[in-house]
Amino acid sequence: MKNSTFSHILWTLRGNPVTAVAAVGLCVLACLAIFSAGIMPYDPIVSDVPNAMQGPSWAHWAGTDQLGRDVLSRTIAATRLDFLIALSAVALSFVVGAVVGSICGFLGGWLDRAVGRFVDVLMAFPLFVLAMALVAAMGNRLENIVIATAFINLPFYIRFARAEVNVRRNAGWVESARICGAGTWATVLKFLLPNILPAMAVQLSLNLGWAILNAAGLSFIGLGVQAPTPEWGIMVAEGARFISNGDWWLVVMPGSFLVVTVLFFNLLGDGLRDILDPRMRT
Amino acid sequence: MTQPLLNVENLHVQFKTRSGLVDAVRNVSFSVQQGKTLGIVGESGSGKSVSVYAVTHLLEAAGRIVGGRISYAGQDITRATWKTLRTVHGAAISMVFQNARAALNPIRSVGDQLCDVLRAYDRRLDKPTAHKKALDLLKAVLIREPEKRLDAYPHELSGGMCQRVMMALAIASEPALLIADEPTTGLDVTTQKSVMDLLHRIVRERGMSMILITHDLGLTSEYCDDVVVMECGLVVEKANPVQLFTDPQHPYTRKLVSASPTPTSRVQDLVDGENLLTLVEPRTPSVMPAGSAPILEVQNAVKRFDGGILAVRGVSFKIGHGESVGLVGESGSGKSTLSRLICRLADLSEGEIIFDGEGIGGTSARDFHKNALRRDIQLVFQDPHDSLNPRFTSFDSIAHPLRELDGLSGTALKARVAECAALCGLDASLLGRFPHQLSGGQKARVGIARAIACRPRLLVLDEPTAALDVSVQAIVLQLLEKLRREQGLSFLFVSHDLNVVRMMCDRTIVMRNGEIVEMGESRSVFSNPSSEYTRSLLEAILQVPQAERASGQEVRP
Amino acid sequence: MSMLTRVLARSGKRLLTSLPALLGVVVFTFILMRVLPGDPAVFFASGSNAGPEQIAQIRKDMGLDKPMPEQLLYYLNDIVHGRLGRSMSTGQGVTQDMAQRLPASLELTFLALIVAFVVAVPVGVMAALRAGSWVDQFVRFLCTLGVCIPPFVSGLLLIYVFYYKLGFAPDPTGRLDIFISPPNRYTGFYLIDFAIQGDIAGWFAAFKQLILPACTMALFVLAPIARITRASMLSALGSDFIRTARSMALSPWRITVVYALRNAMLPVLTIAGIVFSTMLGANVLVEKVFSWPGVASYTLDALLASDYAPVQGFVLLMASIFVFVNLLVDVLYGVADPRVSIE
């Protein structure tokens, strides 16, 4: 009955080479994140000042930074941290946002209005500013970056889930589910949520990219991650001083990893929609 | 023979799709004479709209004319450039589209849009003259208070008024040929009649020719001089309406003629050459014997929405065991709201609903699913396209109420699902498919199988065939009637189509503005209505030429 | 109802509905700074090395020894009177500091906004008109890429290319080259002030400093604007009323511009508010990269120095600006789209 999910995925990937490239690329990055310890050529933390500020060479493919550390190793090590932050933050906001938004969209009434007001207030902040304020209030620690990123993502998921449920709420099949005995919770969780998941899954991938950008941005300005922890944002910040002198590799290496990762997440997001929507199955 | 105004020969149109090139229409030929009206009839996928859009070069980007010849007033316009089309288009051929409100620019006033067209036709027109001409056009289409309408926006007008504005736009450039693409879709029966009468009158008065594209055979008999029938991109028959109805040649035309409900058709005759009902005897008498308890009684039902709007104002009626009762009304009559109240999907503001002696109005809609009577009242939905969960296979959809309300599982479940599918003529191979892999008719069958799965005693049908093609509707209606007789169901059949209700229902209730205007046996309501409103509804239904007419007999029932 | 009365009624109604949001923001910042662990008095005193008497004094001044609801009232009262606390680093009132630095941020943001719309909208429209062509594919690719490059990376790259390699741009530090004196303060916007003074050389100097940071910010929002414009235009071009217009032989110009484009611009107007909000956020990053003396970098410095009064003031300021801009966009939309009712 479930006509092979796997063959369907392969068929979609074949039709969308770009998505395939993105998927493969993300797998490679994930491997880098998981196995970074084994892949890195040098230790990312230990300084080697005599070798400082060397441009790319055969010994150091991406050059060394101001403390002589190998830029490539640090970039690879940073992959794990950035992925972790993004994944935790998005997972948190997705789960909470989807459930809250669906219930509000389905029930309407005072709950919907109250949550709507709250979301409005939340969105009244330019979200980056809010993240700054949250980190300021809660302390300059890594966990707070995750929470701040999750929090600024939350209104988006709530609104999205609410809108999707609203559209489907009066569809014949939802009424039919009610006629067959489904109560409110069952209707929302068993029937509506699975139907809005494809649309939200696309957002997941896109939000992961956005979360990485936000996390990197926050560390760029000095919040959350502290030296000498390798993280893409903080590496760009450290390298920023030197770029006007022409030492470009400190910025370009972590910067390009950052851009490429986000790009892959965005491309994958578009491809996911094709795979998960059963309407594409023929 | 005079030269036809428009002549289409062997038209072949292809569309570029993901799976390659697809033929939309092949070898299509038809012509329109000066001052005459041609009807093009077909169901969905017949290619009737595509053929005409090809003529006016309004095909979508993916469509291409790959063969044939189109000539207008002797001039070949098949490969016309935009400059030539300009003289042909606005000035000579105009179109009126369905769903008029969407076809008008929402952020531009009616007056501005009219002036745009007038100026496109005559560049030298100055503002005051254009304004006056626009006003004249609105008067010509019999819009009330035309001065006010000039400044109005489409969203401020009703569906019928938007259609009239469309017509005004179409005749602004004084065309010789008017093409109307399903102009009455989505309009109430009485509005349909006034719109079509107006169209007819304008065309006659100005000596224009018209092409009327429709799926409704009845319309063609009233307004067209010639008819072309299309199926799957091919022309299958050409004749004048009387000939078409009294002596159809092609099997498809015969099927279409049988399937079109008329004031005198019967359910058993709907499907040409086939009758599902021959071997089925009614289980219980279809007319309620006096004195027996009704299965459903509605007492003074009132439904008030937020803002004080009264959708249903004190409605009372009964449905007997095994009886089929029809509920008709135009939009805003409250019939859909009433059907939702009876299914307990919405709560009553006042009044009571008694099912088989038990009051069910007291339990709230939210909690009704726990009530034992939930399985006895089921609903067949209007739009097959959104009544099935897109993530459920047909099997899942039919099994769903069985799991939830009857608690079935395993082999018992599978057996019952197979049984229901067979009863509804649904092939077993379709059980594993998703809704987007099924046709409209198949989806309707799944919806019906789902509704009867738990053996309900009352089935509420909310316009169950409104979104289906006529031939598919015929089959579904026969199926419904067969099920009703076999299973001893009672029906509440909600519809705006009077002919269908007359065929399917023993008794009919006519609603208007939330109140019952007339109620009684279908035979008497339809042949001798007591209320003015019912009379106006009946007059709006078109008469179709019958075989009896050829022999001179009285047609009106 | 005439246009003017409609606009006024709509602005009035919208303002009323924005007030709860603003109030919510104010209360939210209040809670943020007080309910979380830590002694707010210490935060607002001159750092953690303040003496206990000083802290006690601050506590008394700020009314921190009073019950919470009363504190809230004091706080609201302070806000209404424009008293946002005192910055530890500058020693001045926060309101004063912000007022001084706000024009720098606003000038940058406005210029970036104009550049972004002037480039992105025509690009989006063109891509829609030539949908499927290589132009369209190229634009879509650039958009996909554009959303992925954060302002701090693009800013640094721009500096590298245009300052280091090509030498076109001036030294990317601040609003003005150190050898040129700033204009008299009429508005705080250098471009306007120099113009008022009639100082052409100064105007160009200020403009040159503005280009790179403005382009960096614009680049960040170019992609979403172009994308939405394209999608919106495509949707307008495919709609029923365009088919009607074509059937009535209106000129291609009229169909594309008056019928399609005007309708397509409505969603674009809607996201103008969101774009502005994104830019207010991105301000921090750009100001850091280019050492721009705006409110965001001021706040950031304060934040890292554990000087919290400016942070609170900054949040309030940004929220108010955002609410105001959205109000403006909403009103404009109501004027542009006759389908939208007053409420």
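Calculation criteria
- Residues numbered from 1 in each chain as written.
- Chains lettered and ligands numbered in written order.
- Predicted model: local features only at pLDDT ≥ 70, side-chain atom pairs only at ≥ 80, totals over all residues.
- Pairing = 2+ DSSP bridges.
- Helix = DSSP H or I, 4+ residues; strand = E, 2+ residues; numbered from the N terminus.
- Contact = placed C-beta atoms within 7 Å.
- Axes fitted to C-alpha atoms, helices over the stretch in contact; angles between N-to-C directions.
- Buried ≥ 20, exposed ≤ 12 C-beta atoms within 10 Å, placed from the backbone.
- Nonpolar A, V, L, I, M, F, W, Y, C, P; charged D, E, K, R; others polar.
- pLDDT = per-residue confidence, 0-100.
- Core = buried A, V, L, I, M, F, W, Y, C linked by C-beta atoms within 7 Å.
- Parallel < 35°, antiparallel > 145°, perpendicular 65-115°, else oblique.
- Left-handed = near helix turned anticlockwise from the far one by under 90°.

(A) Inspection of the sheet that holds strand β15 (residues 358-359) of chain B at higher detail. All names here are of chain B. Taken in spatial order, the four strands make up an open sheet running β12-β11-β14-β15, and their pairing is antiparallel. Edge positions in the sheet fall to β12 (310-320) and β15, since each has one partner strand and no second. In the sheet, strand β11 (residues 294-304) pairs with β12 via eight bridges, with the strands oriented antiparallel. Bridging across to β12, Val 298 finds its partner in Phe 317. Lying over the sheet, helix α12 (residues 335-342) contacts β11, β12 and β14 (350-355), oriented at roughly 120 degrees with respect to β11.

(B) How the structure looks around the environment of C:Phe314. Here C:Phe314 shows up in helix α13 (residues 308-336). Under the C-beta neighbour-count criterion, C:Phe314 is labelled buried, with 27 such atoms within 10 Å. Taking the C-alpha atoms as reference points, C:Phe314 and C:Asn263, 51 residues apart in sequence, are found 37 Å from one another. Dropping the residues within four chain positions of it, C:Phe314 is found in contact with A:Val129, C:Val295 and C:Thr299.

(C) Spotlight on the sheet that holds strand β8 (residues 209-214) of chain B. Residues and elements named next belong to chain B. A sheet is described by the order of its strands in space; here six strands give the open sequence β6-β7-β8-β3-β9-β10, paired in mixed fashion. Where the open sheet ends on each side, the last strands, each with one partner, are β6 (93-96) and β10 (234-239). The average undirected angle you get between the axes of adjacent strands in this sheet is 20 degrees. As paired elements, strand β3 (residues 37-41) and β8 share five bridges and run parallel to each other. Considered in β8, the bridge of Val 41 is made with Thr 214. On the sheet, helix α11 (residues 251-259) packs against β9 (226-231) and β10 and is oriented at approximately 105 degrees with respect to β9.

(D) Representation of the interface of chain B and chain C. With 22 residues of chain B in contact, the opposing surface of chain C contributes 17 residues. At the level of secondary structure, the elements contributing two or more residues to the side of chain B that touches chain C comprise α2 (82-92), β6, α3 (100-103) and α4 (110-121) of chain B. A class-by-class count of the residues in the side of chain B that touches chain C yields 12 nonpolar, eight polar and two charged.

(E) Quick look at the environment of B:Gln442. Residues and elements named next belong to chain B. Within the secondary structure layout, Gln 442 lies in helix α15 (residues 440-452). Its 20 C-beta neighbours within 10 Å are what place Gln 442 among the buried residues. With 406 residues separating them along the chain, Gln 442 and Lys 36 place their C-alpha atoms 39 Å apart.

(F) Structural detail: the confidence of the model for chain C. Residues and elements named next belong to chain C. Summarising the model, chain C shows a mean pLDDT of 81, and 90% of its residues fall at 70 or more. Of all helices and strands in chain C, the one with the weakest mean pLDDT is helix α2 (residues 40-44) (57), whereas helix α5 (residues 94-129) scores best (91). In the model output, the complex is listed with pTM 0.79 alongside ipTM 0.80.

(G) View of the nonpolar core. Ranked by internal contacts, the top residues of the largest apolar core, which has 338 residues, are A:Ala131, B:Leu114, B:Met166, B:Ala168, B:Ala449, B:Leu492 and B:Phe493. Here B:Ala168 is in contact with B:Leu114, B:Leu137, B:Leu138, B:Ala140 and B:Val141, once residues within four sequence places are set aside.

(H) Inspection of the interface of chain A and chain C at higher detail. At the interface, 34 residues of chain A touch 41 residues of chain C. Taken together, the elements giving at least two residues each to the side of chain A that touches chain C come down to α5 (109-123), α6 (127-138), α9 (184-220), α10 (232-243) and α11 (249-276) of chain A. Looking at which element gives the most residues to the side of chain A that touches chain C, the answer is α6(A), with eight residues. Looking at the side of chain A that touches chain C residue by residue, the class counts come to 25 nonpolar, seven polar and two charged.

(I) Highlighting unusual backbone geometry. Residue and element names in this part refer to chain B. Phi angles above zero are rare outside glycine, and Asn 10 is one such case at about 50 degrees. Within the secondary structure, Asn 10 is located in strand β1 (residues 6-17). Even without being glycine, Glu 463 reaches a positive phi, approximately 50 degrees. Turning to its location among the elements, Glu 463 is positioned in the loop between β17 (458-462) and α16 (470-487). Given 19 C-beta atoms within a 10 Å radius, Glu 463 is considered partly exposed.

(J) Just the packing of α11(B) against α16(B), in detail. Residues and elements named next belong to chain B. Two numbers describe how α11 lies on α16: the axes approach to 8 Å, and their chain directions differ by 55 degrees. The pairing of α11 with α16 is recorded here as oblique in orientation. When you trace α11 past α16, the crossing you get is left-handed. Of α16, the residues touching α11 (which contributes Lys 255, Leu 256, Ser 258 and Ala 259) are Val 470, Ser 471, Gln 473 and Ala 474. For the contact of α11 with α16, the residue count by class is four nonpolar, three polar and one charged.

(K) Highlighting the pairing of β17(B). All names here are of chain B. Counting buried residues along β17, five of its five residues qualify, which places the element largely inside the surrounding structure. Alternating positions in β17 separate into two faces, Leu 458, Val 460 and Asp 462 on one and Leu 459 and Leu 461 on the other, with burial throughout. Note: strand β16 (residues 377-380) against β17, four bridges, orientation parallel. The residue bridging Val 380 from the neighbouring strand is Leu 461, located in β17.

(L) Layout of the packing of α4(B) against helix α5 (residues 127-140) of chain B. All names here are of chain B. Orientation of α4 relative to α5, taken along the N-to-C sense of each, is 110 degrees, at an axis distance of 9 Å. The angle between α4 and α5 falls in the class roughly perpendicular. Each of Gly 111, Leu 114, Cys 115, Leu 118 and Arg 119 in α4 lies in contact with α5, whose residues at this interface are Ala 130, Lys 133, Ala 134 and Leu 137. Partitioning the contact of α4 with α5 into residue classes produces six nonpolar, one polar and two charged.

(M) Expanded view of the environment of A:Asp120. For A:Asp120, the location among the structural elements is in helix α5. A:Asp120 sits in the partly exposed class, given 17 other C-beta atoms within 10 Å.

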